Structure formats: structure tokens, C-alpha cells
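Tertiary structure, described
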Amino acid sequence: QVQLVESGGGLVQAGGSLRLSCAASGSMFSINAMGWYRQAPGKQRELVATITSGGSTNYADSVKGRFTISKDNAKNTVDLQMNSLKPEDTAVYYCAALKTRKNYWGQGTQVTVSS
């Protein structure tokens, strides 16, 4: 089992910045990647960014150049720095731990970007 707790969401104006943080605990071995996903009202959950155990990153096209994912292996944390936020970034953001046979999810944190 992996437990994930997100923090850092909130309300921000368009053009502003937020930093999300995810604290992981539990069975940390065999995690292939950590990631951030988001789900807007009426839409499916979608990938925002992932970072592998080796440090390789992947971003959704919609956030490239604006968001940065990073991790601290010593602290078991994964952060998402979000800059130049747009109203369409409004969603519940979920932290994920991706293993071969199972994915683990946090409870989500709301990000609202006002125009």
C-alpha cells in the first residue's frame, strides 16, 4: 500500500502560480513513476505530468513550458510547480504512484483559476 497526501491547492487569478506537493508513505519500492493527474467537472481524469524513478519527466502538451514536476527521494515528496495558470487549468489535482500492477491515488486537491 502507498499513501499519498496532496497539499497546496487553492484559488488563484489567471497568470498566477501555485505549487502542489504530494507526500508519499508506505510501500515505496517498485514504484515506476510518480505523477500528477487532474479532473475537471464533467471531464475524464487526464495526465498532467509524470516523473520516473530515474528522473525522466513527461508532460501533457497543454502544460508544457508552464508546469514543472520534481521529486525529493529523501523526503518521498513530489511537487508540481504551476506557472502562468489559465482558467482551463481549474480541476481537482491528484497525486499518483504508478506501479506495474497497481496505481495509488491521493484524495485530490482543488485548484481554481479565476479569469
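Before going into details, it helps to say that this report is about the structure given with it. On a predicted model such as this, the values are computed, not experimentally measured, just so you know.

Brief notes about the state of the cysteines
The final tally for this structure, using the stated rule, is one disulfide. Shown here is the disulfide that connects C22 with C95, its sulfur atoms set 2.1 Å apart. Handedness of the C22-C95 disulfide follows from its S-S torsion of about -80°: it is left-handed. Taken together, the positions of C22 in strand β3 (residues 18-26) and C95 in strand β9 (residues 91-99) put the pair 73 residues apart, joining distant regions of the chain. Residue classification places C22 among the buried residues on the basis of a relative accessible area of 0%.

Digging into the pattern of salt bridges
Two side chains of opposite charge can pair, provided their charged atoms sit close to one another. Tallied over the entire structure, the rule returns five salt bridges. When the shortest N-O distance is used, the salt bridge between R38 and E46 registers 2.7 Å. Residue R66 pairs with D89 through a salt bridge whose shortest N-O separation is 2.8 Å. Linking R66 in the loop between β6 (57-59) and β7 (67-72) with D89 in the loop between β8 (77-82) and β9, this pair joins segments that are 23 residues apart in sequence. Residues R66 and D89 agree in their burial class; the two are buried. Where salt bridges share partners, they join R38, E46, R66 and D89 into one cluster.

So, how was this worked out
Residues numbered from 1 in each chain as written. Predicted model: local features only at pLDDT ≥ 70, side-chain atom pairs only at ≥ 80, totals over all residues. Heavy atoms only, no water. Disulfide = S-S within 2.5 Å. Helix = DSSP H or I, 4+ residues; strand = E, 2+ residues; numbered from the N terminus. Buried < 20%, exposed > 50% of the residue type's maximum accessible area, 1.4 Å probe, protein only. Salt bridge = Lys/Arg side-chain N within 4 Å of Asp/Glu carboxyl O.

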